[in-house]
Amino acid sequence: MPELPEVEVVRRGLDDHVRGRTIASAVIRHSRAARRHIAGPDDLAARMVGATITGSARRGKYLWLILDDQDALLIHLGMSGQMLITSPDTPIAAHERARFTFTDGGSDLRFDDQRTFGHLMYDEGGAELPSPIVHIARDPFDPQFDQATVVARIKTRRTGIKRALLDQTVLSGVGNIYADEALWAAKVHGETVASSMTKPRISAVIDAAREVMAAALAQGGTSFDSLYVDVVGSSGYFSRSLSVYGLAGLPCARCATSIVREKFMNRSSHFCPVCQPQR
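These remarks concern the structure in this document. Source: prediction; values computed, not measured.

Summing up its helical and strand segments, the protein chain has six helices and 10 strands in all. For 279 residues, the compact-globule formula gives about 19 Å, and the C-alpha radius of gyration of the protein chain, at 20 Å, lands near that figure. Residues counted as buried form 54% of the 279 residues belonging to the protein chain. Counting contacts in the protein chain only where the partners sit at least 6 residues apart, residues at least 24 apart contribute 64% of the total. With an accessible surface of roughly 12,200 Å², the protein chain has 49% of that area assigned to carbon and sulfur atoms. Here the protein chain contributes 33 positive and 31 negative side-chain charges, whose respective centroids are spaced 10 Å apart.

Written as structure tokens, this is what we have:
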């Protein structure tokens, strides 16, 4: 699933291509794309027509287009969602779920989603923060992110530090890839009980997460296959810079010990057993 860097890459691309443009038509081609919009896909499409996109924003792994400075089109990419800028004469794609055209006659905006876990939702009055995601915490790049408060909350958790990092109500944007990478950078095992860690140690893990996500953002995010691309269809290259994630059996860049992969919450954890000993 795209994490903070990948979603931010998409948001920036959308902002460059659709800010200031007015929607001429909207078609929702698959009902699952609008399953969170209670009034249904036709209502979602109707609300979009005539709206001017005045900006974009992101909270963790969610992004939204600001409409007429007051409403929002909330977007979650799910496992395979793609927001694509395409020529108006581009044929309907096999996994195209929605398309928006603009009054200027320029490029269209498409939502493709092979696995249909992503979704679109119109939120009236949601320009500042859409109501469905008010429970999502700020992420480490948010200007109002209060790291001391987040550290204090994590310190109360009697669970593994990795689980705490993945809790989007504590801090958002960090997923499985960047949790593994941050923990390796900070030399902390993911099963280390959060409450047993010192606050400076927890803060160091958050700093590491911020740093690794910033590095990923600079390289367009992490792409393992064609399902994650930016708005013009280009892949990110941070997968070439990963230190542990997906590298089981390969030597650790610090100590040359083989990276270990273990099952974790229906996913996997990757770590160095020497650099990140389980205490």
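Along a regular strand, successive side chains alternate from one face of the sheet to the other. For strand E5 (residues 81-86), a buried count of six out of six residues is recorded, marking the element as mostly surrounded by other parts of the structure. Alternating positions in E5 separate into two faces, Gly81, Met83 and Ile85 on one and Gln82, Leu84 and Thr86 on the other, with burial throughout. As defined by bridge partners, E5 adjoins strand E7 (residues 108-113) across six bridges and the pair is classed as antiparallel. Within E7, the residue paired with Gly81 across the bridge is Asp113.

On to a positive patch on the surface. Judged by side-chain charge, Lys187, Arg201, Arg254 and Arg279 come together as a positively charged surface patch. Looking at the element boundaries, Arg279 is found in the segment after strand E10 (267-271). Exposure remark for Arg279: the relative accessible area of 82% places this residue in the exposed category.

Another aspect to go through is unusual backbone geometry. A positive phi angle, near 60 degrees, is found at Lys187, a position not held by glycine. By the element assignment, Lys187 lies in the loop between helix H5 (176-186) and helix H6 (199-218). For Met265, which is not glycine, the phi dihedral falls at a positive 50 degrees. By the secondary structure assignment, Met265 is in the loop between strand E9 (260-264) and E10. Here Met265 falls in the partly exposed class, since its relative accessible area comes to 35%.

What counts as what
Residues numbered from 1 in each chain as written. Predicted model: local features only at pLDDT ≥ 70, side-chain atom pairs only at ≥ 80, totals over all residues. Heavy atoms only, no water. Helix = DSSP H or I, 4+ residues; strand = E, 2+ residues; numbered from the N terminus. Rg over C-alpha atoms; globule rule 2.2 N^0.38 Å. Buried < 20%, exposed > 50% of the residue type's maximum accessible area, 1.4 Å probe, protein only. Contact = heavy atoms within 4.5 Å. Areas by Shrake-Rupley, 256 points an atom, 1.4 Å probe, with all protein chains shown as cover. Lys, Arg positive; Asp, Glu negative; His and termini not counted. Charge placed at Lys NZ, Arg CZ, Asp CG, Glu CD. Pairing = 2+ DSSP bridges. Patch = residues over 30% accessible without salt bridge, like charges linked within 9 Å, V, L, I, M, F, W, Y side chains within 5 Å. Salt bridge = Lys/Arg side-chain N within 4 Å of Asp/Glu carboxyl O.

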